[in-house]
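A closer look at the structure
Okay, here's what each chain looks like letter by letter:
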There are 2 protein chains.
Amino acid sequence: MTTYWCERALAGDGDLIEGLVVETTGTHITSTRPASIAPEGCVQLVGLTVPGFANTHSHAFHRALRGRTQREEGGSFWTWRDAMYDVAERLDPESCYALASATYREMALAGITAVGEFHYLHHGVRGEPYDDPNVMGRAVVRAARDAGLRIALLDTCYLSSGFGVAPQGAQLRFTDGDAAGWAARVAELDDHTDPAVVIGSAIHSVRAVGRDDLSAVAAVRPGAPLHLHLSEQVAENRACIAQYGCTPTRLLTEAGVLDERTTAVHATHLADDDVRLLGDAGSYVSFCPTTERDLADGVGSARALVEAGATLTLGTDSHAVIDMSEEMRAVELDARLVSQRRGHWQSADLLAAATVSGQQSLGFADAGRIAPDHWADLVTFDLESPRTAGTGGGAEAVVFAASAADITSVVASGILLERDPQVVGRLLRDAIVPLMEGR
Amino acid sequence: MTTYWCERALAGDGDLIEGLVVETTGTHITSTRPASIAPEGCVQLVGLTVPGFANTHSHAFHRALRGRTQREEGGSFWTWRDAMYDVAERLDPESCYALASATYREMALAGITAVGEFHYLHHGVRGEPYDDPNVMGRAVVRAARDAGLRIALLDTCYLSSGFGVAPQGAQLRFTDGDAAGWAARVAELDDHTDPAVVIGSAIHSVRAVGRDDLSAVAAVRPGAPLHLHLSEQVAENRACIAQYGCTPTRLLTEAGVLDERTTAVHATHLADDDVRLLGDAGSYVSFCPTTERDLADGVGSARALVEAGATLTLGTDSHAVIDMSEEMRAVELDARLVSQRRGHWQSADLLAAATVSGQQSLGFADAGRIAPDHWADLVTFDLESPRTAGTGGGAEAVVFAASAADITSVVASGILLERDPQVVGRLLRDAIVPLMEGR
């Protein structure tokens, strides 16, 4: 049993608490109580403590591209994708583990306690299965757990390069041939026993899984999280309409894919009708604002989606930045840029998106609040750093003033994580430099 | 004489240098030479060293608002301005010094070696002059110098609340009654002798200085920097057209205000003709992307302005964030959001905007490069932090991956600044909390 005392806390119900004792046993919180003075023998968390962040959309290996794709004149999402495929072609189980492990350690420093890994790099370089056909997925899971994170492995079905075009190049590594092949491989992952690991599924996109396979793929893991890329690019919408005569959201709705366990990632370019369908389905959306900026996707209508009935969560996706404060404020700030109005979101609602809603979308229903019977995640921000000093110190400080660099302590699944940014920097360097420069 | 060795440097000509010796005498660089190994007795700067950043648009006292203006439902630039005026009404020379001093120390930590303070808080709370009518401006200058920064005090002429409406409330502190009153007060600032201080001038906006006064105000300090707020809000454009039948840019052009020493701040909402006028004038523009996001201003056309002949510089303005990496990348990323295209800017060009171009716009022509006879400013980024590790380590790392938290060392005007984020945090807290919560 470990007892923590939070000088100041946002436990998840919106109230700012001055002094909170949190008792934990193993991975979970057993009790909480207000206390203005720290009890003897407790671990003191000075600053503002919030629940653990959930990063609902990650491609861990994209971290290798940070600071390496900005050189070209011009370019688009699609030219960026070529650079990303170039990395995808070179990873093996060992380098995949090293890169994911370092990336997840960067996430842990940034207060992320659970990650949704949208994992599609399944097979060998010409598409041949490894001896264990899940060796890559298992490497990713092990990397997350070794870094102290819980993980939802969103094992991704990818069958075509675009509306029936056969996979090619790096895409050969992504495909299991058909939906049955994908389902058979994923079933083998059920041997895991760790409650900090959720095996979910993902439909890469309506480009990669055809209409006739959507229902079958969605039916494979009923009740588990199901994620999918949705309408990140206008070109995808156009091609879907050309192929099927309807938007991706409509297509997914008619296939019965959208419901309360589904998370639609990006959801950037939606028609009003699409927004209504996602809202009516009670689905989650995963906005990834720093990646959506980086990839020139555009600004989605998070506010409209939530008003329609969807639930907002946040992801760092390509890891151009790993900083949940930056993701939270970007939802509001990007909405301001396109609307020329302020005040679309309350800070507390953005914090809920980054914590409790995200945890739930990953299948960790008992996480994202500092409350009894919840996973023991405690993320503490320094309120007297050059960035946060003088801000008033509530949710607004975490959302609008802080950065990941202001996090001083992270408890994840009951473990007070070791923090050594220098070590994490070296792990990142050692994983990335040989991969990107060693050829 | 002090000798520095930069492990890696971007000296200002675009080339990445592996190993650079920089010799300084007093405030300036006397020589530079490549050297792969550090000479004995030098100060070693490990990481990537760039020239000092110039923050071309600052209202130091706005730092008190960080994390305190996001609570309202709805709101606009104009409701934000009410909150800002509320602070402006409560400052005196002592609290102004304390707040500016702490804010400038935050800037120094962030690698800013020169600041342009757009200073309009001149007089007592009912508009009465202080015994020294420049006591507030002098407090700001002293604060910058005590923090180690050079400063261009852009003493601001503010005569009307909006196209002829008399100043009211906090605005009483801003006005000198008429242009001659402003000029007479500013002339008294010529007693300064510090080469690290430039006394420039500013026209608050076409709202605050009428057409008939523009030329007179611009003529007061010929050759010195002249800054002005321009078309930050659509409402300003509309009101200007209603009053004068032309855009603010056209009005300023016809008054002869725009030339090579002028910096137009924001320049967000411009007609094509306005862009051409600013380009033809060879003026600077100061984009303040993190503030323009915060205030829901919109996204200006930096690329079009530069192609027309203007020079881009960057400012942190309201200090919602003080991080020049964030400002640099926001120019590109916000352009991507509205265009859905990548690659508007090369990293080296954004770095030039934040360094040499900015320094020049503030009147420090011999700054912003690591070169002989230039101000000795050296800003060093850690290339193995969790944010920067594995990025390749050139300009792209500083612009797209780093944050101010990755800066490990700052030499400003020949002085290796002491760095203690905790001290700066306490100074900020002690300056802001009594002001915002102590009433």
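Summary of the structure given here. (Residues numbered from 1 in each chain as written. Chains lettered and ligands numbered in written order. Predicted model: local features only at pLDDT ≥ 70, side-chain atom pairs only at ≥ 80, totals over all residues. Heavy atoms only, no water.)

**With respect to the packing of helix α2 (residues 93-109) of chain B against helix α3 (residues 135-147) of chain B**
What describes two packed helices is the angle between their axes and the distance between those same axes. Residue and element names in this part refer to chain B. Two elements in contact, α2 and α3, have axes separated by 8 Å at closest approach and are oriented at 30 degrees. Looking at the two axes, α2 sits roughly parallel to α3. At the point where α2 passes α3, the crossing takes the right-handed sense. Facing α2, whose interface residues are Pro93, Cys96, Tyr97, Ala100, Ser101, Tyr104, Arg105 and Ala108, α3 presents Val135, Met136, Ala139, Val140, Arg142, Ala143, Ala144, Asp146 and Ala147. Here the residues of the contact of α2 with α3 are counted per class, giving 13 nonpolar, one polar and three charged. (Axes fitted to C-alpha atoms, helices over the stretch in contact; angles between N-to-C directions. Helix = DSSP H or I, 4+ residues; strand = E, 2+ residues; numbered from the N terminus. Parallel < 35°, antiparallel > 145°, perpendicular 65-115°, else oblique. Left-handed = near helix turned anticlockwise from the far one by under 90°. Contact = heavy atoms within 4.5 Å. Nonpolar A, V, L, I, M, F, W, Y, C, P; charged D, E, K, R; others polar.)

**Overview of the side chain of Ser357(B)**
With respect to the secondary-structure elements, Ser357(B) resides in helix α12 (residues 347-361). Discounting chain neighbours no more than four positions away, the residues touching Ser357(B) are Tyr284(B), Thr311(B), Leu312(B), Thr313(B) and Ala352(B).

**Let's talk about the relation of the copies chain A and chain B**
After a rotation of 180 degrees and a shift along the axis of 0.0 Å, chain A superposes on chain B with an RMSD of 0.0 Å. In short, the pair behaves as if placed about a two-fold rotation axis. The C-alpha atom lying nearest the rotation axis in chain A is that of Ala405(A); the distance is 3.3 Å. When you check the interface residues of chain A against chain B, 100% turn up at the interface there too, and the contact is symmetric in its surfaces. (Least-squares fit on C-alpha atoms with pLDDT ≥ 70 in both.)

**Some words on the interface of chain A and chain B**
Across the contact, 59 residues belong to chain A and 59 residues belong to chain B. The largest per-residue losses of area from chain A upon contact with chain B belong to Leu337(A), Arg342(A) and Pro386(A), which jointly make up 16% of the total buried on that side. Our enumeration of links across chain A and chain B arrives at six salt bridges. With a closest N to O distance of 3.2 Å, Arg336(A) and Asp294(B) form a salt bridge. At the junction of chain A and chain B, the tally comes to 26 residue pairs in polar contact (both at pLDDT 80 or more). It is helix α14 (residues 421-437) of chain A that provides the largest number of residues to the side of chain A that touches chain B, a total of nine residues. In the side of chain A that touches chain B, the residues fall into 21 nonpolar, 16 polar and 22 charged. (Buried area = accessible area lost by both parts, 1.4 Å probe. Salt bridge = Lys/Arg side-chain N within 4 Å of Asp/Glu carboxyl O. Polar contact = N/O pair within 3.5 Å; in protein donor to acceptor, adjacent residues only side chain to side chain.)

**Considerations on the environment of Gly19(B)**
Residue and element names in this part refer to chain B. Note on placement: glycine 19 falls in strand β2 (residues 16-25). Glycine 19 gets classed as buried once you look at its relative accessible area, which sits at 0%. Separated by 389 residues in the primary sequence, glycine 19 and threonine 408 have C-alpha atoms spaced 17 Å apart. Once residues lying within four places of it in the same chain are set aside, the contact partners of glycine 19 are Trp5, Cys6, Glu7, Arg8, Arg33, Pro34 and Ala35. (Buried < 20%, exposed > 50% of the residue type's maximum accessible area, 1.4 Å probe, protein only.)

**Some remarks on the packing of aromatic side chains**
The relation between two aromatic rings is expressed through the spacing of the ring centres and the mutual angle of the planes. The full count for this structure, using the stated rule, is 18 aromatic pairs over all chains. Geometrically, the ring pair formed by Phe77(B) and Trp78(B) is edge-to-face, given 4.7 Å between the ring centres and 85 degrees between the ring planes. The class of Phe77(B) is buried, set by a relative accessible area of 7%. Note on Trp78(B): relative accessible area 29%, which makes it partly exposed. Put simply, the rings of Phe61(A), Tyr85(A), Tyr120(A), Tyr158(A) and Phe174(A) touch in pairs and so form one group of aromatic residues. Positioned over the ring face of Tyr97(A) is Arg142(A), at 4.4 Å from the centre of the ring. The ring centre of Trp345(B) lies 4.4 Å from the NZ or CZ of Arg303(B), which sits over that ring. (Phe/Tyr/Trp six-rings, centres within 6.5 Å; stacked < 30°, edge-to-face > 60°. Lys NZ or Arg CZ within 6 Å of the ring centre and 35° of its normal.)

**Section: helix α1 (residues 77-88) of chain B**
Residues lying three or four places apart along an α-helix face the same way, a consequence of the helix completing one turn every 3.6 residues. Residues and elements named next belong to chain B. The terminal C-alpha atoms of α1 lie 16 Å apart, and with twelve residues this matches the ideal 16 Å at 1.5 Å per residue to within 8%. Within α1, burial applies to Phe77, Trp80, Arg81, Met84, Tyr85, Val87 and Ala88. Angularly, the buried residues of α1 cover 150 degrees about the axis, an arc narrow enough to put them on a single face. Tucked inside the fold, the buried residues of α1 contact α14 (421-437). Two or three places before tryptophan 78, at the opening of α1, serine 76 has a side-chain oxygen 3.1 Å from that residue's backbone nitrogen. (Expected span 1.5 Å × (residues − 1). Arc of directions from axis to C-beta.)

**A short note on the pattern of salt bridges**
Tallying each qualifying case throughout the model produces 57 salt bridges over all chains. Where Asp273(B) meets Arg276(B), a salt bridge forms, and the shortest distance between an N and an O atom there is 2.6 Å. Pair noted here: Asp273(B) and Arg276(B) are both in helix α8 (residues 272-281), with a separation of three residues, about one helical turn. The network of salt bridges with common partners includes Arg250(A), Glu254(A), Asp273(A), Arg276(A) and Asp280(A).

**Thoughts on the sheet that holds strand β9 (residues 226-230) of chain B**
All names here are of chain B. Here eight strands make up an open sheet; going across it, the order is β5-β6-β7-β8-β9-β10-β11-β12 and the pairing parallel. In this open sheet, the two strands that pair with only one neighbour each are β5 (53-58) and β12 (311-314). Averaged over all neighbouring strand pairs, the angle between strand axes comes to 25 degrees, with direction disregarded. Contacts between helix α11 (residues 324-339) and the sheet are confined to β5, β6 (112-119) and β12, with β12 contributing the most and set at about 140 degrees to the helix. (Pairing = 2+ DSSP bridges.)

**Re the environment of Phe118(B)**
All names here are of chain B. Considering the arrangement of structural elements, one finds phenylalanine 118 in strand β6. Since its relative accessible area comes to 1%, phenylalanine 118 is described here as buried. Sequence spacing of phenylalanine 118 and glycine 200 is 82 residues, and the spatial spacing of their C-alpha atoms is 9.4 Å. Leave out the neighbours within four places in its chain, and phenylalanine 118 touches His57, Ser58, His59, Leu154, Thr156, Ala202, Ile203, His204, His227, Leu228 and His229.

**Remarks on the state of the cysteines**
One way to say it: the disulfide is the covalent bond shared by the sulfur atoms of two cysteines. Tallied over the entire structure, the rule returns zero disulfides over all chains. There is no disulfide at Cys96(A), and the cysteine sulfur nearest it, in Cys157(A), is 19 Å away. Of all cysteine sulfurs in the structure, the one in Cys246(B) sits closest to Cys240(B), which takes part in no disulfide; the separation is 5.1 Å. (Disulfide = S-S within 2.5 Å.)

**Remarks on the sheet that holds strand β15 (residues 415-416) of chain B**
Where strands meet in a sheet, backbone hydrogen bonds hold them as pairs that are either parallel or antiparallel. All names here are of chain B. With respect to topology, seven strands assemble into an open sheet ordered β3-β2-β1-β4-β13-β14-β15, the strand pairing being mixed. One side of each edge strand has no neighbouring strand; the edge strands of this open sheet are β3 (28-34) and β15. Relative to β3, β2 runs antiparallel, the two sharing six bridges. Bridge pairing in β3 places leucine 20 opposite proline 34.

**Quick look at the pairing of strand β1 (residues 2-10) of chain B**
Residue and element names in this part refer to chain B. Within β1, seven of the nine residues are buried, leaving the element largely enclosed by the surrounding structure. Where β1 lies against β2, eight bridges are found, and the strand directions are antiparallel. By the bridge assignment for β2, leucine 10 is matched with leucine 16. Where β1 folds back onto β2 in an antiparallel hairpin, the turn is made up of five residues, including glycine 12, whose phi is positive at roughly 125 degrees. Relative to strand β4 (residues 43-50), β1 is paired through five bridges, and the arrangement is parallel. Residue pairing for β4: arginine 8 is matched across the bridge by leucine 48.

**Regarding the nonpolar core**
In this structure, Phe53(B) and Tyr104(B) are the most contacted members of the largest nonpolar core, which totals 127 residues. Here this core gets nine residues from one element, more than from any other, and that element is α2(B). Discounting residues that sit within four places of it in the chain, Tyr104(B) has contacts with Ser58(B), Ala60(B), Val115(B), Glu117(B), Val140(B), Ala143(B), Ala144(B), Ala147(B), Leu149(B) and Ile151(B). Met107(A), Leu228(A), Ala264(A) and Ala281(A) belong to the second largest nonpolar core, which has 126 residues in total. (Core = buried A, V, L, I, M, F, W, Y, C linked by side-chain atoms within 4.5 Å.)

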